[in-house]
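Letter by letter, the chains look like this.
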Amino acid sequence: MPVNLKGRSFLTLKDFTPQEIRYFLDLAHDLKRKKRAGIRGDLLQGRNIVLLFEKTSTRTRCAFETACWDEGGNATFLSNSQMGKKESLEDTAKVLGRFYDGIEFRGFAQKTVEDLAKYSGVPVWNGLTDLYHPTQALADLLTLEEHAKKPLSQCKLVYVGDARNNVANSLMIICAKLGLRYAAVSPKELFPEEGLLKEMKALARETGGEIEITSDLSGVKDADAVYTDVWVSMGEEAQFESRIKLLKGYRVDRALMEKTGNPDAIFLHCLPAFHDLETETGREVLEKYGLKEMEVSDEVFRSAASKVFDQAENRLHTIKAVMVATIGRQ
């Protein structure tokens, strides 16, 4: 059956069927090959997008802007809007919907991105909220597909760390949708929200997938990819000390990678990563808590198994696919 995603918003992967998610990935593969071949695109010719950011960004902003320009579109980075200050979100959304063909939002509340979609009348794309990071999960699966020596449906992806954050939520959703084996290895205090977990376990039973949640590090066994993220998400900095106490036993190091029993297992991280002392935060953590590394060891981060920069590049190609599929000329 043909897939038509024109005019659709991209707020959470829960909104898409396995066939539609597969379409995004296939389109991203095609667009990546096209860019690697040096072919200038025109699928967003005449399209204008606006980027709204409450949270800082490197990959998300750069990926949306470059993806838009690659296909002939125009992008506005709007960092000083009146939304929520002198103008309501509803009114702002209605204005932006008159100017632009699509709106990207990266911020805190999932309700904000949902309301932008409700009122703007144009597709809205979730660049990250506290609940979900769907464009990241697409890039993650594209990267796994490029490096795994078997179909995605036969792969096991293991997330280690804070298993109820936005990245982990989106990974669990996309794995359940596409029938992968997903495991979260986490302290019990940071297990996924029970309602979402129950929903995704039921979905995984339908798609042939599997979801396992455990606090035991042996959960990484047979992993094709071991994934981690920062221990403290943006907006949660006040919880730094408590998170370190909870998660210091869950660092991804060589010993943990070896526990997979899979010499071909890759390491993934959505970045930025605190693997050395080359950041202000890294140096502060060393001074306060005596840790030279946090969620991943420098050895693993720089190893041949690490595909984090392939993964970062794939943000561009999957975001381009989302925009082309929803507002493109194709």
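Residues numbered from 1 in each chain as written. Predicted model: local features only at pLDDT ≥ 70, side-chain atom pairs only at ≥ 80, totals over all residues. Heavy atoms only, no water.

Chemist: I tried to follow unusual backbone geometry on my own but got confused; where do I start?
Modeler: Note: most peptide bonds trans; most residues except glycine with negative phi. Note the cis peptide between Leu271 and Pro272, where omega equals 0 degrees. Secondary-structure assignment places Pro272 in the loop between strand 9 (266-269) and helix 10 (280-289). One non-glycine residue, Leu128, lies in the positive phi region at around 145 degrees. With respect to the secondary-structure elements, Leu128 resides in strand 4 (residues 124-128). The buried category is assigned to Leu128, whose relative accessible area is 6%. A positive phi angle is found at Asp222, which is not glycine, with a value near 70 degrees. The topology assignment puts Asp222 in the loop between strand 7 (210-214) and strand 8 (225-228). (Helix = DSSP H or I, 4+ residues; strand = E, 2+ residues; numbered from the N terminus. Buried < 20%, exposed > 50% of the residue type's maximum accessible area, 1.4 Å probe, protein only.)

Chemist: Looking at this structure, how should I read helix 3 (residues 89-99)?
Modeler: Turn by turn, an α-helix covers 3.6 residues, leaving residues three or four places apart pointing in a common direction. For helix 3, the set of buried residues is Leu89, Thr92, Ala93, Leu96 and Gly97. In an axial view of helix 3, the angular spread of the buried residues amounts to 135 degrees, which keeps them on one side of the axis. Turning to helix 3, the residues buried within the fold contact strand 1 (48-53), strand 2 (74-78), strand 3 (102-106) and helix 4 (110-120). (Arc of directions from axis to C-beta. Contact = heavy atoms within 4.5 Å.)

Chemist: Which parts of the structure should I look at to understand the packing of aromatic side chains?
Modeler: Each aromatic ring pair is described using two quantities: the centre-to-centre distance and the angle formed by the ring planes. Summed over the entire model, instances satisfying the criterion amount to nine aromatic pairs. Judged by centre distance (5.4 Å) and plane angle (40 degrees), the ring pair of Phe10 and Phe16 falls under tilted. With relative accessibility at 0%, the residue Phe10 sits in the buried group. Taking the centre distance of 5.3 Å and the plane angle of 75 degrees together, the rings of Phe16 and Phe24 count as edge-to-face. With relative accessibility at 1%, the residue Phe24 sits in the buried group. A cation over an aromatic ring shows up here: Arg61 above the ring of Phe77, its NZ or CZ 3.7 Å from the ring centre. (Phe/Tyr/Trp six-rings, centres within 6.5 Å; stacked < 30°, edge-to-face > 60°. Lys NZ or Arg CZ within 6 Å of the ring centre and 35° of its normal.)

Chemist: I keep staring at the sheet that holds strand 7 and nothing clicks. Help me out?
Modeler: Consider a sheet: its strands pair through backbone hydrogen bonds, and that pairing is either parallel or antiparallel. Spatial ordering of the open sheet is given by 7-6-5-8-9, a layout of five strands whose pairing is parallel. Looking at the sheet topology across the chains shown, the edges are occupied by strand 7 and strand 9. Each strand axis lies, on average, 20 degrees off the axis of its neighbour in the sheet, ignoring direction. Relative to strand 7, strand 6 (residues 181-185) runs parallel, the two sharing five bridges. Among the inter-strand pairings, Arg181 is bridged to a residue of strand 7, identified as Glu210. With respect to the sheet, helix 5 (residues 134-147) is in contact with strand 5 (156-160), strand 8 and strand 9, its orientation differing from that of strand 9 by roughly 165 degrees. (Pairing = 2+ DSSP bridges. Axes fitted to C-alpha atoms, helices over the stretch in contact; angles between N-to-C directions.)

Coordinates in, geometry out; function isn't part of it.
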